[in-house]
Amino acid sequence: MAKKHKPRVKAPKTASPGEVMEIKTLISHEMESGQRKDRKTGELIPRQIINRFECKYNGETVFSADMHPAISANPYMAFYVKAGESGELEFLWHDDNGDVYSHSQKLEVA
Amino acid sequence: MTFKTIAIALAVGSLAGGAALVASYGSSAADKSGIPYRDGEYETVEAPEGSPLSELISGYYFRTPETRELQDDDFMNPAFIWMEQGAELWSTVEGEAGESCASCHEDVEASMKGVGASYPKYHEASGKLINLEQRINLCRTESMQAEPWKWESDELLGMTAYVRHQSKGMPVNVSIEGPAAPFFEKGKDFYYQRRGQLDMACATCHEVNYGMYIRADLLSQGQSNGFPTYRLKWQKLGSLHRRFRGCNRQVRAVPYANGSDEYVNLELYLAWRGQGLPVETPAVRQ
């Protein structure tokens, strides 16, 4: 895609203290499994997946997931986080090639 | 879950690897399959006059709860990655004329409402029938003096989905009269033409046998109201012509090119077979 690996995040901008917030994320990524062959050359297409996803809340990891081949393209992740103090939510996707795609947004707890 | 299966011998019976159609019947109301068509919990639309179908049913009702859930939630629906790209491209200036789509069409919600539901359409200047992808590329080459987008490129898919999405929920409404009539007739002939080593027409699967299983797939009426569609098998958004190519190939026929006259004519005929069904773009299918 013209814009590769574009994260989408659906998380509340405001919450009340102690509230359990549902967070949904999705990122565009081929998730090349490393098991497919190039149709023309017959060579294996090298694996390139997002191998780890993390959500940080004011710098502290509150949710993470290790991913493996066989996870579909454009992986979707939904999870819950409990609102504590106001601050920042940060989302990180770690690519096999070393790149890290990120998105962050403010959360106001009142 | 238990259900009886009945094998129906088809003309292809003796061909190795030939398609066998299997009907299945849910055993009781309490034992639901989760597939609305099988559970008898689907919506229908009245078929247009002259239609061979007794009622029109979107492919949505033939799919599993998991697949439908992806379509129901704009956030989970991966097609929205392409839609967002389409939205950006809408106001991106490209080409010699120094214009973007928005320079002429302004607000997409106002200018494109209902447009996607009415394609393919007869195009006076060229004397041809054109589909939405081709209409968009005409604007690129003629109005913007920019390069046309390649068929099946993320840009063309994203923009086509973005434009057609502005008609979401509106009934498919194509014109098959006047100058469009000869194209419609050609599309109809294509639909009923048996082809390929398996010698099957579109109608063999999608008219006579919808509601039956063909291998692991529950056959639908093969409606086009959700295209471009995110297909789990493709792991991306895909055009209706890509689907045509797949359906041609699976009966071992040589597919036509994306954007070919044959497929645009077929697209019109197919749109009419779903005349009145709500546009679902971008749908999600298995």
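See the structure shown above.
The rules behind these values
- Residues numbered from 1 in each chain as written.
- Chains lettered and ligands numbered in written order.
- Predicted model: local features only at pLDDT ≥ 70, side-chain atom pairs only at ≥ 80, totals over all residues.
- Heavy atoms only, no water.
- Helix = DSSP H or I, 4+ residues; strand = E, 2+ residues; numbered from the N terminus.
- Buried < 20%, exposed > 50% of the residue type's maximum accessible area, 1.4 Å probe, protein only.
- Expected span 1.5 Å × (residues − 1).
- Contact = heavy atoms within 4.5 Å.
- Salt bridge = Lys/Arg side-chain N within 4 Å of Asp/Glu carboxyl O.
- Buried area = accessible area lost by both parts, 1.4 Å probe.
- Polar contact = N/O pair within 3.5 Å; in protein donor to acceptor, adjacent residues only side chain to side chain.
- Nonpolar A, V, L, I, M, F, W, Y, C, P; charged D, E, K, R; others polar.
- Pairing = 2+ DSSP bridges.

K.L.:
I'd like to hear about the overall build of chain A, residue by residue, with values.
P.N.:
Counting its secondary structure elements, chain A contains zero helices and eight strands. Counting from the amino terminus, chain A carries its helices and strands in the arrangement β-β-β-β-β-β-β-β. Along the three orthogonal principal directions, the C-alpha set of chain A runs to about 60 × 25 × 20 Å. Residue burial in chain A is summarised as follows: out of 110 residues, 38% are buried.

K.L.:
An account of unusual backbone geometry is requested, with residue identities and associated values reported.
P.N.:
All names here are of chain B. A cis amide bond, omega -15°, links phenylalanine 227 with the succeeding residue proline 228. Position of proline 228 among the secondary structure elements: in the loop between β6 (217-218) and β7 (229-231). Positive phi values are uncommon outside glycine, yet glutamine 145 reaches one of about 50°. You can see glutamine 145 is positioned in the loop between α6 (132-143) and α7 (154-165). Judged by its relative accessible area of 47%, glutamine 145 is partly exposed. Here arginine 252, not a glycine, exhibits a phi torsion of approximately 60°, which is positive.

K.L.:
Can you tell me about α7(B), naming the residues and giving the values?
P.N.:
For an α-helix the count is 3.6 residues per turn, leaving residues at separations of three or four pointing the same way. Residue and element names in this part refer to chain B. Counted at 1.5 Å a residue, the expected span for α7 with its twelve residues is 16 Å, and the 16 Å between its end C-alpha atoms agrees. Burial analysis of α7 places eleven of its twelve residues in the buried class, which makes it a mostly covered element. Within α7 the residues assigned to the buried category are Asp154, Leu156, Leu157, Gly158, Met159, Thr160, Ala161, Tyr162, Val163, Arg164 and His165. Packing partners of the buried residues in α7 comprise α3 (79-90), α4 (101-105), α5 (108-111), α6 and β8 (236-238).

K.L.:
If you had to explain the pattern of salt bridges to someone new, which residues and values would you point to?
P.N.:
One pass over the structure, following the stated rule, counts 15 salt bridges over all chains. With a shortest N-O distance of 2.9 Å, Arg8(A) and Glu84(B) are connected by a salt bridge. With one member in each of two chains, Arg8(A) in strand β1 (residues 7-10) and Glu84(B) in helix α3 form a pair that bridges those chains. A residue is classified by how much of its surface remains accessible, and Glu84(B), at 27% relative accessible area, is partly exposed. Of the charged contacts in the structure, one is a salt bridge between Asp96(A) and Arg47(A), with a shortest N-O distance of 2.7 Å. With Asp96(A) in the loop between β7 (87-95) and β8 (100-109) and Arg47(A) in the loop between β3 (20-27) and β4 (50-57), this residue pair connects regions lying 49 residues apart in the sequence. You can call Arg47(A) partly exposed: its relative accessible area is 40%. Each of Lys6(A), Arg8(A), Glu84(B) and Glu88(B) takes part in salt bridges that share partners, so that together they form one network.

K.L.:
Requested: an account of the interface of chain B and chain A, with residues and values cited.
P.N.:
Taken together, the 16 residues of chain B in the interface contact 16 residues of chain A. A buried area of about 1,400 Å², summed over both sides, lies between chain B and chain A, and 55% of it is on carbon and sulfur atoms. Counting every contact that joins chain B to chain A gives four salt bridges. In this structure, Asp73(B) and Lys24(A) form a salt bridge, with 2.8 Å as the shortest nitrogen-oxygen distance. In this assembly, chain B and chain A are joined by seven residue pairs in polar contact (both at pLDDT 80 or more). Of all elements in the fold, only α3 and α7 of chain B reach the threshold of two or more residues within the side of chain B that touches chain A. Here the side of chain B that touches chain A is built from residues that sort into seven nonpolar, three polar and six charged.

K.L.:
Please provide a residue-by-residue account of the environment of Arg243(B), values included.
P.N.:
All names here are of chain B. Along the chain, the position of arginine 243 falls in helix α10 (residues 240-249). A relative accessible area of 24% means that arginine 243 is categorised as partly exposed. In this structure the C-alpha to C-alpha distance between arginine 243 and leucine 129, which are 114 residues apart in sequence, comes to 20 Å.

K.L.:
Could you give me a rundown of the pairing of β3(A), with the residues and numbers involved?
P.N.:
Residues and elements named next belong to chain A. Of all eight residues making up β3, six are buried, and the element is well covered by its neighbours. Looking at chain direction, β1 and β3 are connected through four bridges and run antiparallel. Across the sheet, valine 9 pairs through a bridge with threonine 25, a residue of β3. Looking at chain direction, β3 and strand β6 (residues 76-82) are connected through seven bridges and run antiparallel. Residue pairing for β6: isoleucine 23 is matched across the bridge by phenylalanine 79.

In short, shape yes, function no, at least from these values alone.
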